[in-house]
Amino acid sequence: MILVALSWGWIGITSFLVGFAVMEGIGKVTGRVKPASMELHILMGLLCLTVYAQVFSLFGGVGKIATLLLAVVSILLLVTFRKKIVRYIVYMWTKIRGWGYGPCLLAVLIVLLLVYITAGNTWHYDTDLYHAQAIRWIEQFGVVKGLGNLHNRFAYNSAFFCLQALFSLKFAVNQSLHSLNGFVAAVMLCYAAGTLNIWKKERLTTSDFYKIGIFIYFSYLENSLLISSPGSDLLTLCMVLYISAKWAELIERQEREPVEYGILCLLAVWTVTIKLSAGLLVFLAVYPAVTLIRQKRWKEIFFFLGVGVLIVAPFLIRNVYVSGYLVYPYSSLDFFNVDWKMAASVAADDSREIMAWGRGMTSRTMYDADFSIWFPRWFDNQQGMIKTLFLFNIVCMVILAGYSVRIILRKRKDCGASMLLLSVSAAQVIMWFVTAPLIRYGLTYMLLLPAFLLGLICHKINSRVMAWAICVAGIYCGTACIVQVADNFTETYWKRPADYNWREARSVVWGNMEVYVPEGSDCIGYHYFPSTPHASRLEAIELRTGNLEGGFRLKEEYREKEFNSMGVVVGE
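A brief structural summary. If you're wondering where the values come from, they're calculated on a predicted model, not measured in any experiment.

### Considering the overall build of the protein chain
At step 1: Within the protein chain, the secondary structure is distributed over 22 helices and four strands.
At step 2: Expected size for 572 residues packed as a compact globule is a radius of gyration near 25 Å; at 24 Å, the protein chain falls within 12% of this value.
At step 3: Principal axes of the C-alpha set define a box for the protein chain whose edges measure 70 × 60 × 55 Å.
At step 4: Residue burial in the protein chain is summarised as follows: out of 572 residues, 57% are buried.
At step 5: Considering only intrachain contacts with a sequence separation of at least 6, the fraction spanning at least 24 residues in the protein chain is 72%.
At step 6: For the protein chain, the exposed area adds up to about 24,500 Å²; of that, 63% sits on carbon and sulfur atoms.
At step 7: For the protein chain, the centre of its 51 positive side-chain charges and the centre of its 39 negative side-chain charges are spaced 14 Å apart.

Here's what the structure looks like:
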């Protein structure tokens with residue numbers, strides 16, 4: 001726990017300093033940015049550090065040198081902005097004291113619980129399947145050409161793994177830390193707990209319901225179990241709720257400055273590089289883009305476009321290096337004739353597997369099953385709360401569709417940002433449901449429309465009893481589940497956090513080296529390296545240059561054959 005707390009301090013200080021400098025830079029370019037909240041500075045810093053880690057990975061492993069360079073930059077930023085930072089900290093301390101004892105005590109409880117959970121064992125299946133190995137590749141080698149040929153899950157290439165590698169601090173503490181998701185959860189929950197309008201004796205608003213949604217997200221046990229693991233789901237789904245809440249805050253204070261919305265759109269672009277399923281968030285950029293164009297503010301337009309390109313470019317370059325495609329598993333985006341390109345059949349089979357698994361089908365061959373076949377099975381397998389929430393979303397869509405028509409008929413020009421948020425929220429729910437409706441992702445999306453509708457209702461009905469009931473219920477659900485996860489730990493890691501799990505594995509001689517293969521499952525964890533989930537993959541691939549740094553490619557005689565996602569030749 002001590003080491004986790006220290007690593008959180010390092011993450012928090014560096015991300016805040018970088019984020020503060022970036023927000024100062026945006027303010028100078030646009031001349032219109034107001035003082036930002038602490039968590040926004042931290043998230044902007046994490047955005048920039050994600051880009052930094054990805055760029056660094058293009059030239060080598062993300063480890064000691066990357067960390068020392070970050071330390072030097074942080075010191076320089078601290079010296080450069082020391083006076084402004086001191087004034088800002090005093091300003092924020094005053095705001096935090098204004099929260100009152102209730103939210104402050106809740107925030108302290110949340111932080112203590114999350115430090116304890118983060119120091120525990122990694123629970124997530126996918127961590128042992130590929131998260132840990134992907135991070136180790138980045139720590140040691142950075143980006144490796146054709147790495148997806150060794151393990152197709154490496155081709156998912158979440159930018160979050162580069163950020164994880166940057167903060168794993170393996171060179172300093174002799175183990176790879178997995179404390180970043182716990183830090184993100186603490187930032188999100190403290191933001192949600194401290195900024196609820198209920199503490200200020202005001203009626204609940206739409207933004208409050210998105211914040212309560214962050215607590216409800218953690219009320220689902222599987223989501224709380226992600227806290228101690230280095231997966232990309234937690235940050236992605238919390239960012240969906242966070243961006244929605246901040247967007248609603250801007251609407252509620254009748255903010256007309258498009259730059260404020262543009263900053264949230266940069267966070268949306270970053271979220272997409274963490275996980276592609278959040279792709280529809282980028283459509284929020286329509287509002288600030290249209291506003292800036294109408295005002296002919298070309299400087300700001302080109303600035304935001306340029307920053308957006310800088311955020312996404314390293315992610316796309318890494319995609320090409322790892323898989324040979326611009327975006328995996330979409331093999332139709334095939335623009336590069338490189339020798340390390342993964343078989344298009346692997347990408348197609350992987351996509352089918354994701355869709356079938358999300359729909360509750362155990363066989364990938366059922367990915368295109370009729371709605372009448374997969375939906376009843378999917379619905380029956382859900383918990384009662386999820387079924388109720390799903391049906392409530394249908395009701396919300398009907399009511400909010402009528403509300404939208406009413407706004408359009410009245411030709412209200414002041415509702416553009418609100419209507420765009422509603423449209424993007426509805427589109428995210430629909431996209432999740434028609435592609436891969438796995439509840440681990442879907443709970444967040446199914447909270448968006450109810451939050452919007454309840455915000456409208458509370459705007460009309462100022463009931464203190466109802467407001468307190470909703471707040472207490474949401475906060476209790478999320479905190480109680482986090483306590484439940486903490487209670488499951490049989491061992492307390494007071495000094496050092498638990499290391500990655502050790503899995504059963506056997507070594508296979510491949511050429512002039514050993515490669516590890518898991519025994520009894522497809523999970524191998526962090527320690528056996530390099531590894532592949534299925535030994536059959538090794539028959540079809542080879543080293544490009546004779547060493548791991550040079551990457552992997554299909555053998556000449558296998559390049560025209562079709563494979564499934566396990567690396568087995570179809571039909572043989």
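Still to come is the rest of the account.
### Some points on the packing of helix 9 (residues 180-194) against helix 10 (residues 206-219)
At step 1: The interhelical angle for the contact between helix 9 and helix 10, taken along N-to-C directions, is 135°, at an axis separation of 8 Å. Comparing the axis directions of helix 9 and helix 10 gives the class oblique. Crossing handedness for the pair helix 9 and helix 10: left-handed. Contacts between helix 9 and helix 10 involve Ala-185, Met-188, Leu-189, Tyr-191, Ala-192 and Ala-193 on the former and, on the latter, Lys-211, Ile-214, Phe-215 and Phe-218.
At step 2: Of the residues that constitute the contact of helix 9 with helix 10, the class distribution is nine nonpolar, no polar and one charged.

### Observations regarding the side chain of Thr-273
At step 1: With respect to the helices and strands, Thr-273 occurs in helix 13 (residues 258-274).
At step 2: Engagement of the side chain of Thr-273 in a polar contact is seen with the backbone oxygen of Trp-270, the distance being 2.6 Å.
At step 3: Contact partners of Thr-273, with chain neighbours within four places excluded, come to Asn-157, Ser-158, Ala-159, Ile-311, Val-312 and Phe-315.

### Focus: the pattern of salt bridges
At step 1: Counted by the stated rule, this structure contains 20 salt bridges.
At step 2: One salt bridge connects Lys-84 with Glu-24, and the closest N-O pair in it is separated by 3.0 Å. Taken together, the residues span a long stretch of sequence, with Lys-84 in helix 4 (residues 82-97) and Glu-24 in helix 1 (residues 2-30) at a distance of 60 residues.
At step 3: The exposure class of Lys-84 is partly exposed, given its relative accessible area of 34%.
At step 4: On the basis of relative accessibility, which here comes to 23%, the residue Glu-24 falls in the partly exposed class.
At step 5: Of the charged contacts in the structure, one is a salt bridge between Asp-126 and Arg-440, with a shortest N-O distance of 3.8 Å. Linking Asp-126 in helix 6 (residues 125-141) with Arg-440 in helix 20 (residues 439-460), this pair joins segments that are 314 residues apart in sequence.
At step 6: The exposure class assigned to Asp-126 is buried, which follows from its relative accessible area of 14%.

### Notes on a nonpolar patch on the surface
At step 1: A cluster of nonpolar side chains, Leu-391, Phe-392, Ile-394, Val-395, Val-398 and Ile-399, forms an exposed patch at the surface whose accessible area comes to about 500 Å².
At step 2: Following the sequence through the fold, Ile-399 ends up in helix 18 (residues 384-410).
At step 3: Look at Ile-399 and you get partly exposed, because its relative accessible area is 43%.

### Some thoughts on the environment of Leu-77
At step 1: If you trace the backbone, Leu-77 turns up in helix 3 (residues 64-80).
At step 2: Separated by 59 residues in the primary sequence, Leu-77 and Val-18 place their C-alpha atoms 7.3 Å from one another.
At step 3: Not counting residues within four places of it along the chain, the set of residues in contact with Leu-77 comprises Leu-17, Val-18, Ala-21 and Ile-85.

### Details of the side chain of Asn-181
At step 1: Along the chain, the position of Asn-181 falls in helix 9.
At step 2: At a separation of 2.7 Å, a polar atom in the side chain of Asn-181 contacts the main-chain carbonyl oxygen of Ser-229.
At step 3: Those residues in contact with Asn-181, other than ones at most four positions away along the chain, are Phe-160, Gln-164, Leu-226, Ile-227, Ser-229, Pro-230, Gly-231, Leu-234 and Leu-235.

### Structural notes on helix 3
At step 1: Over its 17 residues, helix 3 runs 24 Å from end to end, which matches the ideal 24 Å to within 8%, given 1.5 Å per residue.
At step 2: In the core, the buried residues of helix 3 are packed alongside helix 1, helix 2 (38-57), helix 4, helix 7 (159-166) and helix 8 (170-173).

### Re the pairing of strand 2 (residues 513-518)
At step 1: Two elements, strand 1 (residues 505-510) and strand 2, share six bridges in a ladder whose sense is antiparallel. Across the sheet, the residue bridging to Arg-506 is Val-517, located in strand 2.
At step 2: Hairpin connection, strand 1 to strand 2: the antiparallel pair is bridged by two residues, and Gly-511 has positive phi, about 65°.

The rules behind these values
Residues numbered from 1 in each chain as written. Predicted model: local features only at pLDDT ≥ 70, side-chain atom pairs only at ≥ 80, totals over all residues. Heavy atoms only, no water. Helix = DSSP H or I, 4+ residues; strand = E, 2+ residues; numbered from the N terminus. Rg over C-alpha atoms; globule rule 2.2 N^0.38 Å. Buried < 20%, exposed > 50% of the residue type's maximum accessible area, 1.4 Å probe, protein only. Contact = heavy atoms within 4.5 Å. Areas by Shrake-Rupley, 256 points an atom, 1.4 Å probe, with all protein chains shown as cover. Lys, Arg positive; Asp, Glu negative; His and termini not counted. Charge placed at Lys NZ, Arg CZ, Asp CG, Glu CD. Axes fitted to C-alpha atoms, helices over the stretch in contact; angles between N-to-C directions. Parallel < 35°, antiparallel > 145°, perpendicular 65-115°, else oblique. Left-handed = near helix turned anticlockwise from the far one by under 90°. Nonpolar A, V, L, I, M, F, W, Y, C, P; charged D, E, K, R; others polar. Polar contact = N/O pair within 3.5 Å; in protein donor to acceptor, adjacent residues only side chain to side chain. Salt bridge = Lys/Arg side-chain N within 4 Å of Asp/Glu carboxyl O. Patch = residues over 30% accessible without salt bridge, like charges linked within 9 Å, V, L, I, M, F, W, Y side chains within 5 Å. Expected span 1.5 Å × (residues − 1). Pairing = 2+ DSSP bridges.

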